[in-house]
Protein chains: 2
Amino acid sequence: MAAITGHTRLYAILGDPILQVRTPELFNALMAGRGADAVMVPMHVPAPMLASAVGVLRGVANLGGFIATVPHKSAMLGLCDAASDRARAVGAANAFRRTPDGRIEGEMLDGVGFVRGLQREGVEPEGREVFLAGAGGAAKAIAFALAEAGVRALRIWNRTPDKALEIAERLRRAGHGLPVTVATSDPSGCDLVVNATSLGLRADDALPLGAERLTPGQIVAEVIMKPSVTPLLAAAQARGCRICPGAPMLDCQIELMADFMGAPR
Amino acid sequence: MAAITGHTRLYAILGDPILQVRTPELFNALMAGRGADAVMVPMHVPAPMLASAVGVLRGVANLGGFIATVPHKSAMLGLCDAASDRARAVGAANAFRRTPDGRIEGEMLDGVGFVRGLQREGVEPEGREVFLAGAGGAAKAIAFALAEAGVRALRIWNRTPDKALEIAERLRRAGHGLPVTVATSDPSGCDLVVNATSLGLRADDALPLGAERLTPGQIVAEVIMKPSVTPLLAAAQARGCRICPGAPMLDCQIELMADFMGAPR
């Protein structure tokens, strides 16, 4: 990347922990590719500090925006000065831009980036019946983005059904009319199968869904970025399914984030 | 420079305005030369935000430290958790390190960097009689660093004599026994002549001291970095003096700053 000077536009990612983040590397590579004078740095901000950190970032005049990651995405919704309808419906936001007058505006791009990544791989969710494993923050964002993309129906599997029901209720309240069911771990009959849990991050994790019921013709997509081929994806591949690893989804989200934050083009 | 990841150690420079700062470029080049995973970014922080910004930086766990520039150097002395004897004596600090438990410790390296720069050019201030033009923040820091370096006597010229007298009084209170006089703009008889005013930044500035009285054998040093050869240095050169431009002084200060902030070696 080019030298950082007093003219360089500043971006940050706030999280706790911070070591795992890949966004600065991808964002800075995108800016370097554009020949743009902008840099993103990691900021390890613990949860009790978040509100005052946002207060300060409001006043940092050369700041273009910032990204919030675990555990700040829900809390940020209450700390920003404006949020998109989507962010409010999901109940969380991850991308924030700073307006010239020091307002912080939030958007939720987690799910949208995931769906955009699928589309770039040639997988169009519109009209499909989708099986979604998980009902945490990532699952919620993906559920909304899938609904926006026009999926025919959504089947959610989560060990705690209440959280899956909450997603269904949030979708309904946001005016998405698609049928949402809370079901078992069996993905049979769905066109598109998505893991939005963290199961697969560690080698000894259980599979996030009933992979033994997968059949050829199903597409299995993953939110986990490392390992690239999770045990779920390996099982899916062995059963003749097409697989979509998680890493390209983040690459895709970077451009959405940069555009939302008004990063130089 | 290398890619910024979640592991990259974070440094910042706080100022208002910020466009003019050269420290990030020099610091990042130093880190790149060392193969160190650290980055310094500019943060445009207006004065009313400084206290809350410092409060937040205390809690940013991956922050190694920061530099304060105009107009924050004096105010920072009251905002950090500890300051060196030198910083307290000068009444300002410009380099800050963050301890693992979130304390901010301040040091004043402006003058020390200037003197170290002179020494690197082969100019040893010890035992010399010095003429110092200016009595602002830079002049004050340089006066202390020259006293520490063992100059024989200091003659200060400033349009407002009260500020020059204040430096003399601060030096006395800090236990520096050298004779300090507040004098006219005539540098006659001094071995080393230093401009610590901002006169010379703009093409139509008046000369900061009576350059027509300079004689061969005198050394004339400058704090101004741009232009490299100021009208004062040009006049000094024309009168047969050795000259020391300002830019190498900042280069020299960067290493002192990096070491104080505990930047990777």
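Residues numbered from 1 in each chain as written. Chains lettered and ligands numbered in written order. Predicted model: local features only at pLDDT ≥ 70, side-chain atom pairs only at ≥ 80, totals over all residues.

Draft legend 1. Spatial organisation of the interface of chain A and chain B. Contacts between the two partners involve 31 residues from chain A, matched on the other side by 31 residues from chain B. Put simply, the parts of the chain that give the side of chain A that touches chain B at least two residues each are α1 (23-34), β2 (38-44) and α2 (50-59) of chain A. (Contact = placed C-beta atoms within 7 Å. Helix = DSSP H or I, 4+ residues; strand = E, 2+ residues; numbered from the N terminus.)

Draft legend 2. Representation of the relation of the copies chain A and chain B. In the superposition of chain A on chain B (RMSD 0.0 Å, axial shift 0.0 Å), the rotation amounts to 180 degrees. Expressed as an axis order, the relation between the two copies is that of a two-fold axis. Every residue of chain A has its C-alpha some distance from the rotation axis, and the shortest such distance is that of A:Met1, at 3.2 Å. Here 100% of the contact residues of chain A are again contact residues in chain B; the copies associate through an equivalent surface. (Least-squares fit on C-alpha atoms with pLDDT ≥ 70 in both.)

Draft legend 3. Main features of the nonpolar core. The biggest cluster of nonpolar side chains holds 188 residues, and the ones touching the most others in it are A:Leu132, A:Ile142, B:Leu132 and B:Ile142. Those residues in contact with B:Ile142 that lie beyond four places of it in its chain are B:Gly111, B:Phe114, B:Leu132, B:Val194 and B:Ala196. (Core = buried A, V, L, I, M, F, W, Y, C linked by C-beta atoms within 7 Å. Buried ≥ 20, exposed ≤ 12 C-beta atoms within 10 Å, placed from the backbone.)

Draft legend 4. Structural view of the domain arrangement of chain A. All names here are of chain A. In terms of domains, chain A is made up of domain 1 (9-108) and domain 2 (111-249). Taking only C-alpha atoms, the centre of domain 1 and the centre of domain 2 are 26 Å apart. In this assembly, seven residues from domain 1 lie in contact with six residues from domain 2. Element by element, the count of residues in the side of domain 1 that touches domain 2 is highest for helix α4 (residues 85-90), at three residues. (Domains from an automatic or database assignment.)

Draft legend 5. How the structure looks around the packing of α1(A) against helix α9 (residues 247-260) of chain A. Residues and elements named next belong to chain A. Taken N-terminus to C-terminus, the directions of α1 and α9 make an angle of 65 degrees; their axes are 10 Å apart at the nearest point. As for the relative orientation of α1 and α9, their crossing is right-handed in sense. Every residue of α9 that contacts α1 at Thr 23, Leu 26, Phe 27 and Leu 30 is listed here: Leu 250, Asp 251, Ile 254, Glu 255 and Ala 258. Residues that form the contact of α1 with α9 fall into these classes: six nonpolar, one polar and two charged. (Axes fitted to C-alpha atoms, helices over the stretch in contact; angles between N-to-C directions. Left-handed = near helix turned anticlockwise from the far one by under 90°. Nonpolar A, V, L, I, M, F, W, Y, C, P; charged D, E, K, R; others polar.)

Draft legend 6. Summary view of the packing of α2(A) against helix α2 (residues 50-59) of chain B. Their axes nearest at 9 Å, the elements α2(A) and α2(B) cross at an angle of 135 degrees. Between α2(A) and α2(B), the crossing angle belongs to the class labelled oblique. Judged by the sense of rotation from one axis to the other, the crossing of α2(A) with α2(B) is left-handed. Only B:Ser52, B:Ala53, B:Gly55 and B:Val56 of α2(B) make contact with α2(A), whose side of the interface consists of A:Ser52, A:Ala53, A:Gly55 and A:Val56. (Parallel < 35°, antiparallel > 145°, perpendicular 65-115°, else oblique.)

Draft legend 7. Fine view of the sheet that holds strand β11 (residues 219-222) of chain B. Residues and elements named next belong to chain B. With respect to topology, six strands assemble into an open sheet ordered β9-β8-β7-β10-β11-β12, the strand pairing being parallel. Among the strands making up the open sheet, the edge pair consists of β9 (180-182) and β12 (242-244). If you compare each strand with its neighbour and ignore which way they point, the axes differ by 20 degrees on average. Relative to β9, strand β8 (residues 153-157) runs parallel, the two sharing three bridges. Note on β9: the bridge partner recorded for Leu 154 is Val 180. Packed onto the sheet, helix α7 (residues 161-173) meets β8 and β9 and runs at close to 170 degrees relative to β9. (Pairing = 2+ DSSP bridges.)

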